[in-house]
Amino acid sequence: METIHILYIGRHLEILETVIRLINANENWNGVGVMNDEEAEEIFLRKDFSLVLLGSGIKEESEAELCTFFKNINPDVSIVQHYGGGSGLLKSEILLGLCNNKI
Amino acid sequence: MENTDKIIEGTITHSVLHKANTRGHADHGWLESYHTFSFANYQNRERMNFGVLRVLNDDRVSQGMGFGKHPHDNMEIISIPLEGDLEHQDSMGNTTVIKEGDIQAMSAGTGIFHSEYNKNKDQLVKFLQIWIYPNKKNVTPRYDQITLDLNDRHNKLQQILSPNPEDDGVWIHQDAWFHIGKFDNDFSTSYELKKPGNGIYAFILKGDFTIGNITLNERDGLGIWDTNTIKITANSANAEILLMEVPMEL
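Computed from a prediction, not measured in an experiment: that's the story for all the values here. (Residues numbered from 1 in each chain as written. Chains lettered and ligands numbered in written order. Predicted model: local features only at pLDDT ≥ 70, side-chain atom pairs only at ≥ 80, totals over all residues. Heavy atoms only, no water.)

K.L.:
So what's going on with the overall build of chain A? Residues and values would help.
P.N.:
Broken down by element type, chain A carries four helices and four strands. The C-alpha radius of gyration of chain A comes to 12 Å, within 12% of the 13 Å expected for a compact globule of 103 residues. Put simply, chain A has 103 residues, and 50% of those count as buried. A separation of at least 24 residues holds for 71% of the contacts in chain A among residues at least 6 apart in sequence. Accessible surface, chain A: about 5,000 Å² in total, of which carbon and sulfur atoms supply 48%. Across chain A, 8 positive and 16 negative side-chain charges occur, with their mean positions spaced 5 Å apart. (Helix = DSSP H or I, 4+ residues; strand = E, 2+ residues; numbered from the N terminus. Rg over C-alpha atoms; globule rule 2.2 N^0.38 Å. Buried < 20%, exposed > 50% of the residue type's maximum accessible area, 1.4 Å probe, protein only. Contact = heavy atoms within 4.5 Å. Areas by Shrake-Rupley, 256 points an atom, 1.4 Å probe, with all protein chains shown as cover. Lys, Arg positive; Asp, Glu negative; His and termini not counted. Charge placed at Lys NZ, Arg CZ, Asp CG, Glu CD.)

Take a look at the structure:
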């Protein structure tokens, strides 16, 4: 089965590490986490992500700029707000995000 | 838009019924949990949320066991103990115990870590874990816990949560109001919604109820929207109900 690449952006390191660990516990999902916008844009140019998860601590302006950047590069990418910072909602958000374009 | 909200001769026109035995179920040995909405490995596209109410978990934790340190962000998390003592520790320095009659609220905001353990060596701890989407992201994390007078819910609805720090109960970052009532058999009352556009989710803690024309049993859930008021009748002695009024849009 094809691997689904997921980019997580969040400002809280320990939550970022937790989310990436949870994503990568799924056989066909590959998660990459970054804390700043420059790194996010750089890695997005290098890898074909199906989904972007926006974690906590990202200001509205940054969020808008990131969404515009990602959509310009790949109009089909799903961008989803991640809530809860852990295992509870992550699977639902990813599964729904892969079906719909959220933003 | 025309308000189609009506309880016509006891008939509710906009509602969703979640019978107790249709909830998701997870048994981890030390933790048995029933999920009203999709959570962790329970995934059901028809059961994602009721407005901003995203998680309603009915948890039972074995003696001395619990949830180890784990993170949360951007969520209003409310715990309502039903039986036993739950020990809480978090990254804000709080170490507390909550028990029946207490309400705990956490605004996870930019990020917190916490653990929850059954403090008892001789009994299960049973509690509800409720997650509400916040109306504001990235708030400063906060913790609150209060003890309520259980007599104040006998044949009346006791407010346990609101958006207002000065109001009764705990407060959260959302236009939500929670009430608990413990009613004698045949006792009836009405609940008037506080904010236009909000919906209400009723969860039966004990016994049997009728809301409008719908009969509910223990651990059933009923969401109602496009209404200003609901009529609630207890159909058994010591029947207990939790009402959660929430915005229907995030």
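There is more to say, and it comes next.
K.L.:
Give me the lowdown on the pattern of salt bridges, citing residues and values where you can.
P.N.:
Residues and elements named next belong to chain B. Tallying each qualifying case throughout the model produces 13 salt bridges over all chains. Between lysine 19 and aspartate 220 there is a salt bridge; the shortest N-O distance is 2.5 Å. Here aspartate 220 lies in the loop between β21 (214-216) and β22 (221-224) and lysine 19 lies in the loop between β3 (15-18) and β4 (24-27), a separation of 201 residues in the sequence. Exposure remark for lysine 19: the relative accessible area of 28% places this residue in the partly exposed category. Here aspartate 144 and arginine 142 are joined by a salt bridge, their closest N and O atoms 3.8 Å apart. Members of the salt-bridge network, linked through shared partners, are Arg23, Asp58, Arg60 and Arg219. (Salt bridge = Lys/Arg side-chain N within 4 Å of Asp/Glu carboxyl O.)

K.L.:
I'd love a proper account of unusual backbone geometry, names of residues and values included.
P.N.:
All names here are of chain B. Phi at asparagine 138 takes a positive value of approximately 60°, unusual for a residue other than glycine. Among the structural elements, asparagine 138 can be located in the loop between β13 (125-132) and β14 (142-147). Phi is positive for arginine 219, which is not a glycine, with a value near 70°. Mapped onto the fold, arginine 219 is located in the loop between β21 and β22. Among the residues examined, arginine 219 registers a relative accessible area of 11% and is labelled buried.

K.L.:
So what's going on with the UniProt feature "domain: Pirin N-terminal" (unreviewed entry) in chain B? Which residues, and what values?
P.N.:
As recorded in UniProt, the feature "domain: Pirin N-terminal" (unreviewed entry) lies at residues 21-132 of chain B. For the annotated span residues 21-132 of chain B, helix accounts for 0% and strand for 56% of the residues, and the straight-line distance between the end C-alpha atoms is 23 Å. (UniProt positions renumbered as here; feature names shortened; annotations may be inferred.)

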